[in-house]
Amino acid sequence: MAGAEDGPGQQPELEDDEAAFCRRWGAQHAGARELAALYSPGKRFQEWCCVVLCFSLIAHNVVHLLLLTRWEQTPLVMLGVVAGALLADFLSGLVHWGADTWGSVELPIVGKAFIRPFREHHIDPTAITRHDFIETNGDNCLLMLLPLLNMAYKFHTQSPEVLEQLYAWECFVFCLIIFSTFTNQIHKWSHTYFGLPRWVIFLQDWHVILPRKHHRIHHVSPHETYFCITTGWLNYPLEKMGFWRRLEDIIQALTGEKPRADDMKWAQKIK
Ligand SMILES: [Zn+2]
Ligand SMILES: [Zn+2]
């Protein structure tokens with residue numbers, strides 16, 4: 001990269017490099033602009049409803065869990081919390097890998113609503129940092145509605161004795177739901193380099209949530225590893241096992257589909 005001390009003779013070359021970089025990568029990329037334009041008012045409305053419902057149910061369920069607190073179950077509850085975080089990390093990887101690797105933006109309904117953001121994110125990784133709370137968390141809130149409703153239903157229909165027995169299990173499920181709800185927020189923070197609250201940086205530094213440096217490994221083209229984006233705890237072991245590669249080989253053998261074909265198509269779009 002040319003430094004600031006380069007003479008005037010170097011300047012046109014530097015500008016050319018920057019222009020070429022912007023054309024290839026970021027918000028001005030032709031594919032990124034087309035994908036961003038597909039975010040519709042209908043989708044926005046759906047996200048608002050899901051976020052409001054999801055946070056109301058979380059508040060409801062957390063009150064019921066606190067009322068049920070069983071201190072004698074503390075070791076089991078702690079185990080449940082760690083297991084919940086691990087499972088959330090694995091599921092974040094599975095969903096991210098699935099959407100990155102297979103399907104296309106042209107698919108009916110799911111293409112524009114759920115695959116589009118994944119394609120946009122690879123071409124313009126900083127777009128997520130410009131998304132507000134609703135756009136960042138809307139999809140995950142939608143996915144959490146059913147398990148949250150199921151939990152709320154149990155609190156109102158099961159006897160106190162049954163709920164007491166289920167306490168550690170419900171703590172596991174609740175931790176899984178909380179990490180899953182905030183996965184994309186955690187992912188957004190892993191791309192944010194300015195103005196992060198100190199407590200978020202603390203959680204990243206202690207690897208409680210996805211650290212920034214760790215997630216950069218996924219953003220090396222062709223985006224084929226480190227898919228877990230909640231805590232990132234499983235990325236290294238899954239990479240060592242060749243987990244995603246093996247899964248892709250099986251699916252390619254069964255369906256004949258090539259992994260990341262649609263992702264490549266969007267990355268190569270120039271107009
Ligand atoms: Zn990705
Ligand atoms: Zn990312």
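Residues numbered from 1 in each chain as written. Chains lettered and ligands numbered in written order. Predicted model: local features only at pLDDT ≥ 70, side-chain atom pairs only at ≥ 80, totals over all residues. Heavy atoms only, no water.

Engineer: What am I meant to see in the layout of surface pockets here?
Structural biologist: Over the atoms, a rolling probe the size of a water molecule traces out where space has been left empty. Each pocket or cavity is described by its volume, and for the largest pocket that value is around 710 Å³. Lining the largest pocket are 36 residues, with Val-95, Phe-118, Asp-139, Asn-140 and Asn-184 positioned closest to its centre. Of all the secondary structure elements, the ones that give two or more residues to the lining of the largest pocket are helix 3 (41-67), helix 4 (74-101), helix 5 (110-123), helix 6 (127-130), helix 7 (133-157), helix 8 (160-181) and helix 9 (183-189). Broken down by element, the lining of the largest pocket gets its largest block of residues, 8 residues, from helix 7. Considering only residue class, the lining of the largest pocket consists of 16 nonpolar, 13 polar and 7 charged. (1 Å grid on protein atoms, 1.4 Å probe; cavity = no way out; pocket = protein on both sides within 12 Å on 5 of 7 lines; lining within 4 Å. Points joined across faces, edges and corners; volume = space filled by probe spheres on them. Helix = DSSP H or I, 4+ residues; strand = E, 2+ residues; numbered from the N terminus. Nonpolar A, V, L, I, M, F, W, Y, C, P; charged D, E, K, R; others polar.)

Engineer: What is the right way to read the coordination of the zinc ion (ligand 1) from this model?
Structural biologist: Any two of four tetrahedral donors ideally make an angle of 109.5 degrees at the metal, while pairs among six octahedral donors ideally make 90 or 180 degrees. At 2.1 Å from the zinc ion (ligand 1) lie its protein donor atoms, namely His-96 (NE2), Asp-100 (OD), His-122 (NE2) and His-218 (NE2). Coordination at the zinc ion (ligand 1) is irregular, judged from the 4 donor atoms that bind it and the angles of 85 to 166 degrees they form at the metal. Positions of the donor residues of the zinc ion (ligand 1), expressed as sequence spacing, correspond to H-x3-D-x21-H-x95-H. A spacing of 5.9 Å is found between the zinc ion (ligand 1) and the zinc ion (ligand 2). Highlighted residues: His-96 in helix 4 and His-218 in the loop between helix 11 (212-216) and helix 12 (235-241), separated in sequence by 122 residues. His-218 sits in the buried class, given a relative accessible area of 0%. (Donors = N, O, S within 2.8 Å, 3.2 Å for Na, K, Ca; no water. Tetrahedral: all angles 85-135°; square planar, octahedral: opposite > 155°, others 65-115°. Buried < 20%, exposed > 50% of the residue type's maximum accessible area, 1.4 Å probe, protein only.)

Engineer: What should I look at first to understand the coordination of the zinc ion (ligand 2) in this one?
Structural biologist: Distances from the zinc ion (ligand 2) to its protein donors, His-121 (NE2), His-187 (NE2), His-191 (NE2), His-215 (NE2) and His-219 (NE2), fall within 2.0 to 2.2 Å. Overall, His-121 belongs to the buried group, its relative accessible area being 8%. When its relative accessible area of 13% is taken as the criterion, His-219 is described as buried.

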